[in-house]
Amino acid sequence: MAHDAADSTVGEFDIRLAHPVAVYWVALLRVITGWWFFHSGLSKVLSDGFAYSYGWRYLRGMGDTVLGPLATWMGYNFPQVIEVMVPLGEMLIGLGLLAGVLVRLASLFGMFFMSLFWVGNADFNHGLVNGDLMGLLMFATMIVLAAGRYYGLDAVIEQTQFVKDHPRLRYLLG
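So, how was this worked out
- Residues numbered from 1 in each chain as written.
- Predicted model: local features only at pLDDT ≥ 70, side-chain atom pairs only at ≥ 80, totals over all residues.
- Heavy atoms only, no water.
- Patch = residues over 30% accessible without salt bridge, like charges linked within 9 Å, V, L, I, M, F, W, Y side chains within 5 Å.
- Areas by Shrake-Rupley, 256 points an atom, 1.4 Å probe, with all protein chains shown as cover.
- Salt bridge = Lys/Arg side-chain N within 4 Å of Asp/Glu carboxyl O.
- Helix = DSSP H or I, 4+ residues; strand = E, 2+ residues; numbered from the N terminus.
- Contact = heavy atoms within 4.5 Å.
- Axes fitted to C-alpha atoms, helices over the stretch in contact; angles between N-to-C directions.
- Parallel < 35°, antiparallel > 145°, perpendicular 65-115°, else oblique.
- Left-handed = near helix turned anticlockwise from the far one by under 90°.
- Nonpolar A, V, L, I, M, F, W, Y, C, P; charged D, E, K, R; others polar.

(A) Highlighting a nonpolar patch on the surface. Together, Phe 50, Leu 70, Trp 73, Phe 78, Val 81, Val 84, Met 85 and Phe 112 give the surface a local cluster of nonpolar side chains, amounting to about 690 Å² of exposed area. Secondary structure elements with two or more residues in the nonpolar patch: α3 (68-77) and α4 (79-99). Broken down by element, the residue count for the nonpolar patch peaks at 3 residues, all from α4.

Here you go:
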């Protein structure tokens with residue numbers, strides 16, 4: 001393959017979904033992933049309110065994992081914050097994906113949650129691949145494919161003059 005130094009597109013990375021079925025599929029994955037997280041947070045709120053005490057206990061029990069020092073530090077130093085932020089964070093991440101708003105930002109926080117779940121839940125008896133890793137990969141997929149641009153409000157927000165004046169905001173949208 002020849003390289004053209006005058007070609008300004010060399011080095012750019014852009015994924016465009018060429019077929020309408022692919023666009024529908026990405027939008028469907030975004031909505032399903034959003035519902036999964038929203039429902040998880042909502043069920044915690046409906047059962048425990050914003051006093052989800054299992055969150056900080058879970059983090060305190062992660063001492064023997066790769067993320068142990070960070071997780072146990074969070075569990076011991078911020079239990080009240082975690083009680084509120086786990087269900088609230090799951091609901092906000094889910095709502096962002098459902099509506100297609102700030103999808104990349106929401107997915108980044110979703111990846112953080114799923115990283116903790118993957119490392120904390122895994123006994124790895126059957127290898128590294130489990131449902132938590134699949135969730136982590138779903139959020140990564142939302143970021144890479146800019147899933148909010150497909151039937152999401154991010155597509156509308158990106159057309160506003162404010163975003164056009166501040167193009168770096170597109171890294172949070174999409």
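Picking up where we left off.
(B) Focus on the side chain of Glu 158. With respect to the element layout, Glu 158 can be found in the loop between α7 (153-157) and α8 (161-165). Excluding its chain neighbours within four sequence positions, the residues that come into contact with Glu 158 are Arg 149, Val 163, Lys 164, Arg 170, Leu 173 and Gly 174.

(C) Region of the structure containing the environment of Val 23. Note on placement: Val 23 falls in helix α1 (residues 20-48). As for Val 23 and Tyr 150, which are separated by 127 residues in sequence, their C-alpha atoms are 6.2 Å apart.

(D) Representation of the packing of α1 against helix α6 (residues 131-144) in the model. Following both chains from N to C, one finds α1 and α6 inclined at 130°, their axes separated by 10 Å at the closest point. Relative to α6, the element α1 lies oblique. By crossing handedness, the relation of α1 to α6 is classed as left-handed. Residues Leu 29, Arg 30, Thr 33, Trp 36 and Phe 37 of α1 form the contact with α6, whose participating residues are Gly 135, Met 138, Phe 139 and Met 142. Of the residues assigned to the contact of α1 with α6, the class counts are 6 nonpolar, 2 polar and 1 charged.

(E) Structural detail: the packing of α4 against helix α5 (residues 103-121). Relative orientation of the contacting elements α4 and α5 amounts to 140°, with a least axis distance of 9 Å. Relative to α5, the element α4 is oriented oblique. Crossing geometry of α4 relative to α5 is assigned as left-handed. Contacts from Met 85, Val 86, Gly 89, Glu 90, Ile 93, Gly 96 and Leu 97 in α4 reach Val 103, Ala 106, Ser 107, Phe 109, Gly 110, Phe 113 and Phe 117 in α5. Residues belonging to the contact of α4 with α5 are distributed by class as follows: 9 nonpolar, 4 polar and 1 charged.

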